[in-house]
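Commentary on secondary and tertiary structure
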Amino acid sequence: MRWGLPAPVMTFRRLFLLTSAVAATAGVIAACADPKTDAPAPKAKEAAPTAPVAPAAPTLNSGEARDAGVQAAKDAAPPAYDGPMIGALFLQTPVMSDMEWPKEDKKTGEKTGAVRLGYIRQGAKVPVIAEAHPKSNCKEGWYELVQGGFVCGKYASLDMNHPRIRLAPHAPEMNGSLPYQYGYNVANGTPLYRQVPSREERLAIEPWLAPKKAKPKREEGRETASASDEADAGAMLTLAKASQLVTDPSSTTADLDAGVPWFMRDYDGGKPMVTLDELRGEGPVARRMVKGFFLALDRDVGAGGGRWWKTTGGLLAPFERIFVYNKASDFHGVWFDQPEAHAAETTATKKETPDICKPNAKAQVGIITMYKSRKYIVSVSRKAVTTGDPVSRHSVLKLTGDSVTINGATYDETEDGWWMKASEGIKTTPGAPPKDLKDREKWIDVNVKTQTLVAFEGDRPVFATAVSTGLEDKVDKEKDHHTPSGTFRIREKHIAATMDGDVASDGPYSIEDVPWIMYFHGSYALHGAFWHNNFGRTKSHGCVNLAPADAKALFAWAEPIVPEGWHGVMSTPEKPGTRVVVHE
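This write-up is about the structure you can find in this document. (Residues numbered from 1 in each chain as written. Predicted model: local features only at pLDDT ≥ 70, side-chain atom pairs only at ≥ 80, totals over all residues. Heavy atoms only, no water.)

A few words on the nonpolar core. Counting 43 residues, the largest nonpolar core has Ile444, Leu453, Leu526 and Leu554 as its most contacted members. Per-element tally for this core: the top contributor is helix H7 (residues 548-557), with five residues. Sequence-distant contacts of Leu526, defined by excluding residues within four places in its chain, comprise Ile444, Val446, Leu453, Trp516, Ile517, Met518, Phe520, Val544, Leu546 and Val580. Val334, Ile356, Ala363 and Ile367 belong to the second-largest nonpolar core, a separate cluster that totals 18 residues. (Core = buried A, V, L, I, M, F, W, Y, C linked by side-chain atoms within 4.5 Å. Buried < 20%, exposed > 50% of the residue type's maximum accessible area, 1.4 Å probe, protein only. Helix = DSSP H or I, 4+ residues; strand = E, 2+ residues; numbered from the N terminus. Contact = heavy atoms within 4.5 Å.)

Shown next as structure tokens:
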């Protein structure tokens, strides 16, 4: 549809649409995590969480774009847009395919009509055709985005000084490997407040803040309870008062715990076995947290006589209970079109690996996964081996395909001439490509046995790295989180979204704004993991974990592409997501 657009806008629009990706509606569910990304229903007062900006070209070893196609598209981009913008008012402002909301068939339950193409997060600004089109389903009027799709004026505004735009959490950082700064909750029971509480509210909700009572002096001739008894009695008195505002989710407790909030009990180093539903708060408290929950941090603020961390979801956490987490792995895989800085110095000594990472090829990529690993030198006779210099864990190596077994141990030759001990690392073993693969079509191979990932364009491998798939337990089903095998497609992509869940064997977990999510099967996704550095070994609740730099690069390379300023996008039949093949 067109409404008398000026020629320059029309020209820009056509150019932009040729390079933008859109996507269809798909439910966001979770197994490896429960993403909080539902779009607001037409009558909802508040949209569910999510923030702006689309992924830049992949950043790899040198921080430069690695994917030639993405870089070419960037070079051919139209001139910078200087027309009207529209800003998202809610944590998730949906972008629809038409000026209507999805309709559900009462008999089949299937949704028909308009579909959700993606969404923009509160504060994000995207190019718009500044003409409202009021309809009964959106009295404020629908606005057409230059990138394609429509937003309802109830959830977005042309006024860049609107408080919900001006005071929104900061946009995700697109130049680094992580979109946000993250914080680790250090103690059980930490509340997340909707607004700054009063001093009285804090003392009731956070009983550990109450001043300790002085011990009464002992009078001569009068017996008193022991010091430990008095301490316990004082604590119980404080907690009894606090329990009037805090519900106790663990009703099946011993008499000693009667009336004591779950977060004030001793778990001997274990996790409280509470559920996410039981962590929901009331009044000024949105919810409480278990030790180990992660928050995505917007900024620290001082208010109400205290210091707080404001989260990207707009909630407030007590500053002293949050540890800023700066231990994200700097590991990254290898892009095969990447020029090597020391290539001129080593060309003469390197062995060629022209078929590296192709299915059934002997030449593959190796990744060191053990600490204190070494380089090994195999004798000319291939009957003896000597230990060489140390090699760092997570070193990525190109293997020639030549291997030898000496004294029961297998060694793989690297292109630099030394040998990797097979037991000290892993190596890629991609499977056969899908039979109906189109020429140069992108697809991703995940081998759960070797814990490796290889990205392809047709039959040409372009990227390889180590991953962490789901932990397996063939005896205890409750502890079995294996990643399902099969051929799938990326259904939707999110710059960041919250993942949480209840695990019977481990208790609850919650990670706000997990970065670079690509859902490919139900709740299973490829995504960045900043909270561990065990890539090359199973670790997850079923998802495919990647190091942050790898996840960001793959996110930018894979389809569908997230339009600039959007926070998430869905695939469509016209723009299907990149294929993901998971196998052993």
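Direction of pairing for strand S19 (residues 373-378) relative to strand S20 (residues 385-391): antiparallel, over a ladder of five bridges. Bridge pairing in S20 links Ser373 to Val391. The hairpin turn running from S19 into S20, its antiparallel successor, is six residues long, and Arg382 in that turn takes a positive phi close to 65 degrees. (Pairing = 2+ DSSP bridges.)

Right, let's talk about the sheet that holds strand S26 (residues 452-457) for a bit. Taken in spatial order, the six strands make up an open sheet running S17-S27-S26-S25-S34-S28, and their pairing is mixed. Looking at the sheet topology across the chains shown, the edges are occupied by strand S17 (334-335) and strand S28 (486-489). Two strands pair when backbone bridges link them, and S26 and strand S27 (residues 460-466) are joined in this way by six bridges, in the antiparallel orientation. Counterpart to Glu457 in the pairing with S27 is Arg460. Of the strands in this sheet, S17, strand S25 (442-447), S26 and S27 touch H7, which is tilted by about 25 degrees from S26. (Axes fitted to C-alpha atoms, helices over the stretch in contact; angles between N-to-C directions.)

Bringing the state of the cysteines into the picture now. Throughout the structure, instances matching the rule amount to one disulfide. With its sulfur 2.1 Å from that of its partner, Cys138 forms a disulfide with Cys152. As the torsion about the S-S bond is roughly 95 degrees, the Cys138-Cys152 disulfide counts as right-handed. Placement of the pair is Cys138 in strand S7 (residues 138-145) and Cys152 in strand S8 (residues 150-152), with a sequence separation of 14 residues. Exposure remark for Cys138: the relative accessible area of 2% places this residue in the buried category. (Disulfide = S-S within 2.5 Å.)

This part covers the packing of aromatic side chains. Under the definition given, this model contains 19 aromatic pairs. Ring geometry for Trp443 against Phe456: centres 4.3 Å apart, planes inclined by 10 degrees, an arrangement best described as stacked. Of this pair, Trp443 sits in strand S25 while Phe456 sits in strand S26, and the two are 13 residues apart along the sequence. This pair shows no difference in class: Trp443 is buried, exactly as Phe456 is. Arranged with centres 5.0 Å apart and planes meeting at 85 degrees, the rings of Phe530 and Trp531 form a pair that is edge-to-face. Residue classification places Trp531 among the partly exposed positions, given a relative accessible area of 22%. In textbook terms, an aromatic cluster arises when at least three aromatic residues are bridged by ring pairs, as seen for Tyr182, Tyr184, Phe294, Tyr325, Phe530 and Trp531. The side chain of Arg164 reaches across the aromatic face of Phe90, ending 4.7 Å from its centre. For the cation-ring pair, Arg307 lies above Phe319, with the distance from its terminal atom to the ring centre recorded as 3.8 Å. (Phe/Tyr/Trp six-rings, centres within 6.5 Å; stacked < 30°, edge-to-face > 60°. Lys NZ or Arg CZ within 6 Å of the ring centre and 35° of its normal.)

This is a description of form; function is not addressed.
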